[in-house]
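What follows is each chain in one-letter form.
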Amino acid sequence: MLGIGKSAEQRRRDKERKLRGTRKYGQGNLKHSRKGLRSCINGAGALLILLGCVFYAFMARGEAFGIVGGIVIISLILSIYGIRWAIQGFYERDRNYLTCKIGLPVNAAALILFLAIFIGGLN
């Protein structure tokens, strides 16, 4: 009898006991790092902006260098902040660091891609 004839307190205790039995060593599930989530969002945004600007420059046949250059600076700023938040996310205690581990290389890839395009444009 899981819920019939029991008080709310007894149901709550039964639910906690049931969940505790499925956890490894009685530990709770870890939440994702908040700064790691920010880092992933920034990395995805930086890559989308960068690829969107490259696509727009390709479609405009190189005539939109001013607007594309201004928007790509936003991508650079997002990737730098994403790297910063990924590193800070590792310092959060009792969290799942998967988002930090994903956000760090995504933001680094966006930054490297930006620098490759910028250096390639100088030549």
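This text follows the structure it describes.
To keep things clear, this report deals only with the structure shown in the data block. For clarity, every value in this text was computed on a predicted model and none was experimentally measured.

As for the overall build of the protein
Counting its secondary structure elements, the protein contains 4 helices and 2 strands. For the protein, the succession of helices and strands along the chain, N to C, is α-β-α-α-β-α. The buried share among the 123 residues of the protein stands at 23%. Across the protein, every contact between residues at least 6 apart in sequence was considered, and the portion connecting residues at least 24 apart equals 74%. Surface accessibility of the protein: about 9,200 Å² in total, with carbon and sulfur atoms responsible for 65%.

Considerations on the packing of helix α3 (residues 65-89) against helix α4 (residues 98-122)
In helix packing, the relevant descriptors are the interaxial angle and the interaxial distance, both defined with respect to the helix axes. Packing of α3 against α4 brings their axes to within 8 Å, and their N-to-C directions diverge by 150 degrees. It follows that α3 is roughly antiparallel to α4 by the angle criterion. Between α3 and α4 lies a crossing whose hand is left-handed. Contact with α3, carried on its side by Val 72, Ile 73, Leu 76, Leu 78, Ser 79, Ile 80, Gly 82, Ile 83, Ala 86, Ile 87 and Gly 89, involves Cys 100, Gly 103, Leu 104, Asn 107, Ala 108, Ala 110, Leu 111 and Phe 114 of α4 and no other residues of that element.

Regarding the state of the cysteines
Using the criterion set out here, one finds 0 disulfides in the structure. For the unlinked cysteine Cys 40, the closest cysteine sulfur is that of Cys 100, found at 7.7 Å.

Remarks on the side chain of Ser 33
The topology assignment puts Ser 33 in the loop between β1 (31-32) and α2 (34-59). Polar contacts involving the side chain of Ser 33 include one to the side chain of Glu 92, which spans 3.2 Å. Those residues in contact with Ser 33, other than ones at most four positions away along the chain, are Gly 89, Glu 92, Arg 95, Asn 96, Thr 99 and Cys 100.

Some thoughts on α3
Given a rise of 1.5 Å per residue, 25 residues ought to cover 36 Å, and the 36 Å separating the end C-alpha atoms of α3 matches this to within 8%. When α3 is considered as a whole, its buried residues turn out to be Val 68, Val 72, Ser 75, Leu 76, Ser 79, Gly 82, Ile 83, Trp 85, Ala 86 and Gly 89. On its buried face, α3 is in contact with α2 and α4.

Regarding the layout of surface pockets
Its volume calculated, the largest pocket comes out at about 240 Å³. Contributing to the lining of the largest pocket are 14 residues, with Phe 65, Val 68, Gly 69, Val 72 and Ile 117 lying nearest its centre. The leading source of residues in the lining of the largest pocket is α3, at 5 residues. Here the lining of the largest pocket is built from residues that sort into 12 nonpolar, 2 polar and no charged.

Procedures and definitions
Residues numbered from 1 in each chain as written. Predicted model: local features only at pLDDT ≥ 70, side-chain atom pairs only at ≥ 80, totals over all residues. Heavy atoms only, no water. Helix = DSSP H or I, 4+ residues; strand = E, 2+ residues; numbered from the N terminus. Buried < 20%, exposed > 50% of the residue type's maximum accessible area, 1.4 Å probe, protein only. Contact = heavy atoms within 4.5 Å. Areas by Shrake-Rupley, 256 points an atom, 1.4 Å probe, with all protein chains shown as cover. Axes fitted to C-alpha atoms, helices over the stretch in contact; angles between N-to-C directions. Parallel < 35°, antiparallel > 145°, perpendicular 65-115°, else oblique. Left-handed = near helix turned anticlockwise from the far one by under 90°. Disulfide = S-S within 2.5 Å. Polar contact = N/O pair within 3.5 Å; in protein donor to acceptor, adjacent residues only side chain to side chain. Expected span 1.5 Å × (residues − 1). 1 Å grid on protein atoms, 1.4 Å probe; cavity = no way out; pocket = protein on both sides within 12 Å on 5 of 7 lines; lining within 4 Å. Points joined across faces, edges and corners; volume = space filled by probe spheres on them. Nonpolar A, V, L, I, M, F, W, Y, C, P; charged D, E, K, R; others polar.

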